[in-house]
Amino acid sequence: MAVFLLRLFSCVLGALVVSAIVHASAPSATTTAATSTLTGIAATAPTIGPSQQVGRLPALGWNSWNAYGCNINETKVVDAANLFVSLGLADAGYEYVNIDDCWSLQTRNASTGRIVPDPSKFPNGISGVADQVHALGLKLGIYSDAGTNTCSGFPGSLGNEAVDAEAFAEWGVDYLKYDNCNVPGNWTDTSTPPDNDWYNSNSAIRYRQMTAALNQTGQPVHFNLCIWGNANVWEWGARVGHSWRMTGDVSASWSSISSIIAANAQHLDAVDFFSHNDMDMMEIGNGGLTLQEQRTHFAAWAFLKSPILLGTDLNNLNATQLDIITNAELLAFHQDPDVGTPATPFTATASAPTTSPPEFYAGNSSKGTHVFIINTGTMAAKTFEFANVPGLGSGNFTVHDMWAGEDLGTFADSFSITVNTHDTAALLIDRA
Ligand SMILES: *[C@@H]1O[C@H](CO)[C@@H](O)[C@H](O)[C@H]1NC(C)=O
Ligand SMILES: *[C@@H]1O[C@H](CO)[C@@H](O)[C@H](O)[C@H]1NC(C)=O
Ligand SMILES: *[C@@H]1O[C@H](CO)[C@@H](O)[C@H](O)[C@H]1NC(C)=O
Ligand SMILES: *[C@@H]1O[C@H](CO)[C@@H](O)[C@H](O)[C@H]1NC(C)=O
Ligand SMILES: *[C@@H]1O[C@H](CO)[C@@H](O)[C@H](O)[C@H]1NC(C)=O
Ligand SMILES: *[C@@H]1O[C@H](CO)[C@@H](O)[C@H](O)[C@H]1NC(C)=O
Ligand SMILES: *[C@@H]1O[C@H](CO)[C@@H](O)[C@H](O)[C@H]1NC(C)=O
């Protein structure tokens, strides 16, 4: 009975079904219902999981798309890798240099069936880029698609998973972003999936085929499911990959950033070691956001433990922006070796208004308890009671500002701080 209930609860429609069954049937009647009824492709699809040698912590790196779109080449990718080192990003923990869409020719090699890197953009192939990136102590990411073609119309990997995974492994690829465009009609999901479990959906199976192909190569690859929050991916993503996109594409605007935070705040139970909701790439450096909004963009991605993939021409970043994205205390929270869970919303005071996204978050790290406060409105004092922070209780506490690396003093019962419009306060709290 317990197993049966858990299985039903794992899907959105489950709760309604459970209440009907609990009232209608005796426990013994559920034994047969718990037996899997999988048929067809859901019964035969691979079930192997992602590598446990990589992807324990959320990825830190760069991706070419927000900066260059389709207009990429070897020079731009290798320049980004060199800037990781010269700007101190590598020392701060940034590691993945990821090539997005548009790296290949339109047609596969007729004799090998492989995707062919465009020789005008990548004269040394992808392996030539991997060698240069690896020589700097960094890792290389590539992009493909769980459909017939990528979003920009280049070859996708659906039906060619084995040959593509083999090529990526041979080239030395460490990370795969796997997009969701150009899905053939028979691979879409038109109804509730078998057993009411979205892991059995056609969408999930398109991704599971690539997990198995990556495993077959014998090389650990960080596998990112770029599935835009479809098919309840937060319920099964960790059985298939290391991180999964929760929404459509980010853009450089406060409405985009704040709506992505709001969408993620609903599914934070999914986040832990090897299991990361991907809030999409950074827009810092691309205009469109105030400095305060850029701080919130970085802080929220860090305290919700999303992958953080910079998305600009790194030459564009000024000193203030570099300080934001290399903030040691926020990065330490994001990359904590002992605590995999993110900060989650809490009720700051009895009179705190409900906002979207939520304004107050609390979380643990190996350093202690943290509170993060996003001001979703205009500049104002923001107050929380220590007793309302999970795990703290009442009494006197010291409060430390993680942005400035400074102690703010000792406070009784509650703490109040002025937070600028769309800015985020980041605090570490200790019992005094
Ligand atoms: C492939 O899967 C097996 C079984 O789970 C695992 O032991 C092995 O490490 C995996 N290899 C890779 C490269 O993911
Ligand atoms: C990449 O593009 C830049 C800017 O257009 C150009 O300067 C550079 O030579 C190109 N590199 C390659 C390998 O095509
Ligand atoms: C296809 O791959 C084979 C084997 O690597 C190679 O010899 C051939 O030149 C390739 N064909 C084209 C059109 O690139
Ligand atoms: C869709 O059709 C292709 C080609 O016939 C087939 O290989 C694939 O298994 C089908 N997908 C599903 C989900 O049935
Ligand atoms: C960097 O750019 C931001 C705007 O994005 C600006 O507010 C800030 O003052 C700039 N910092 C420096 C050091 O120029
Ligand atoms: C932090 O850990 C404490 C136990 O040490 C726990 O009571 C509290 O709920 C945790 N806080 C969060 C936000 O998970
Ligand atoms: C909090 O600090 C005040 C002032 O130092 C002190 O009087 C009070 O006893 C402390 N309360 C607790 C619970 O330690």
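Just so it is clear, the model here is predicted, and its values are computed rather than measured. (Residues numbered from 1 in each chain as written. Chains lettered and ligands numbered in written order. Predicted model: local features only at pLDDT ≥ 70, side-chain atom pairs only at ≥ 80, totals over all residues. Heavy atoms only, no water.)

Considerations on the overall build of the chain
Then, in step 1: Summing up its helical and strand segments, the chain has 15 helices and 16 strands in all.
Then, in step 2: For the chain, the C-alpha radius of gyration of 23 Å lies close to 22 Å, the compact-globule estimate for 432 residues.
Then, in step 3: Along the first, second and third principal axes, the C-alpha set of the chain runs to 70 × 65 × 35 Å.
Then, in step 4: Across the 432 residues of the chain, 53% fall into the buried class.
Then, in step 5: Nonlocal contacts in the chain, meaning residues at least 24 apart in sequence, comprise 71% of its contacts between residues at least 6 apart.
Then, in step 6: Of the roughly 17100 Å² of accessible surface on the chain, 52% is carried by carbon and sulfur atoms.
Then, in step 7: Charged side chains in the chain number 17 positive and 39 negative. The centres of these two groups are separated by 5 Å. (Helix = DSSP H or I, 4+ residues; strand = E, 2+ residues; numbered from the N terminus. Rg over C-alpha atoms; globule rule 2.2 N^0.38 Å. Buried < 20%, exposed > 50% of the residue type's maximum accessible area, 1.4 Å probe, protein only. Contact = heavy atoms within 4.5 Å. Areas by Shrake-Rupley, 256 points an atom, 1.4 Å probe, with all protein chains shown as cover. Lys, Arg positive; Asp, Glu negative; His and termini not counted. Charge placed at Lys NZ, Arg CZ, Asp CG, Glu CD.)

A word on the nonpolar core
Then, in step 1: Judged by nonpolar contacts, the single largest core of 87 residues is most densely connected at Y94, I99, W103, W236, F298, F303 and I325.
Then, in step 2: Composition of this core by domain shows at least three residues from each of domain 1 (2-245) and domain 2 (344-431).
Then, in step 3: Beyond its immediate sequence surroundings of up to four residues, F303 is in contact with F333, P342, A343, Y361, F372, I374 and T424. (Core = buried A, V, L, I, M, F, W, Y, C linked by side-chain atoms within 4.5 Å. Domains from an automatic or database assignment.)

Let's talk about the site of ligand 6
Then, in step 1: Every residue near ligand 6 is listed here: A362, G363, N364, P390 and G391.
Then, in step 2: N364 is positioned such that a nitrogen or oxygen atom in its side chain is 2.4 Å from an oxygen atom of ligand 6.
Then, in step 3: When ligand 6 is considered free in solution it has 360 Å² of accessible area, and contact with the protein chains removes 47% of it.
Then, in step 4: Of the residues contributing to the shell around ligand 6, the split by class is 2 nonpolar, 3 polar and no charged. (Near = heavy atom within 4 Å. Polar contact = N/O pair within 3.5 Å; in protein donor to acceptor, adjacent residues only side chain to side chain. Nonpolar A, V, L, I, M, F, W, Y, C, P; charged D, E, K, R; others polar.)

So, the site of ligand 2
Then, in step 1: Residues in contact with ligand 2, as listed here, are N73, T75, K76, S120 and K121.
Then, in step 2: Note that an oxygen atom of ligand 2 is positioned 2.3 Å from one of the side-chain N or O atoms of N73.
Then, in step 3: Separating a nitrogen atom of ligand 2 from a side-chain N or O atom of T75 is a distance of 2.6 Å.
Then, in step 4: Protein coverage of the free-state accessible area of ligand 2, which is 360 Å², stands at 44%.
Then, in step 5: Partitioning the shell around ligand 2 into residue classes produces no nonpolar, 3 polar and 2 charged.

A word on helix α9 (residues 161-171)
Then, in step 1: All buried positions along α9 are accounted for by E161, D164, A165, A167, F168, A169 and W171.
Then, in step 2: Taken together, the buried residues of α9 touch α8 (125-135), β3 (139-145), β4 (175-179) and α10 (202-217).

Concerning the confidence of the model for the chain
Then, in step 1: Mean pLDDT over the chain stands at 92; residues scoring 70 or higher make up 92%.
Then, in step 2: Counted against residues more than four places away or in other chains, residues 1-33, with its pLDDT under 50, gives 23 contacts. (pLDDT = per-residue confidence, 0-100.)

Quick look at the sheet that holds strand β1 (residues 60-63)
Then, in step 1: What the 8 strands build is an open sheet, ordered β7-β6-β5-β4-β3-β2-β1-β8; its pairing is parallel. At either end of the open sheet lies a strand with only one pairing partner, and these are β7 (276-278) and β8 (308-310). Strand-to-strand twist of the sheet, defined as the mean angle between neighbouring strand axes without regard to direction, takes the value 25°. (Pairing = 2+ DSSP bridges. Axes fitted to C-alpha atoms, helices over the stretch in contact; angles between N-to-C directions.)

Digging into the environment of T418
Then, in step 1: One can find T418 in strand β15 (residues 414-419).
Then, in step 2: With relative accessibility at 54%, the residue T418 sits in the exposed group.
Then, in step 3: Once the C-alpha coordinates of T418 and V233 are considered, the two residues, 185 residues apart in sequence, prove to be 37 Å apart.
Then, in step 4: When residues no more than four places from it in sequence are discounted, the contact partners of T418 are M379, A380 and A381.

Describing the side chain of H242
Then, in step 1: Looking at the element boundaries, H242 is found in the loop between α11 (233-236) and β6 (243-245).
Then, in step 2: Every residue in contact with H242, bar those within four places of it in the chain, is listed here: P50, S51, V54, G55, V221, H222, F223, F274, S275 and H276.

Describing helix α13 (residues 291-303)
Then, in step 1: Taking 1.5 Å per residue, 13 residues should reach 18 Å; α13 reaches 18 Å between its end C-alpha atoms and fits that length.
Then, in step 2: Within α13, 10 of the 13 residues are buried, which leaves it mostly tucked inside the rest of the structure.
Then, in step 3: The set of residues buried in α13 consists of E293, Q294, T296, H297, F298, A299, A300, W301, A302 and F303.
Then, in step 4: Count one or two residues on from α13 and you reach K305, which has phi positive near 60°. (Expected span 1.5 Å × (residues − 1).)

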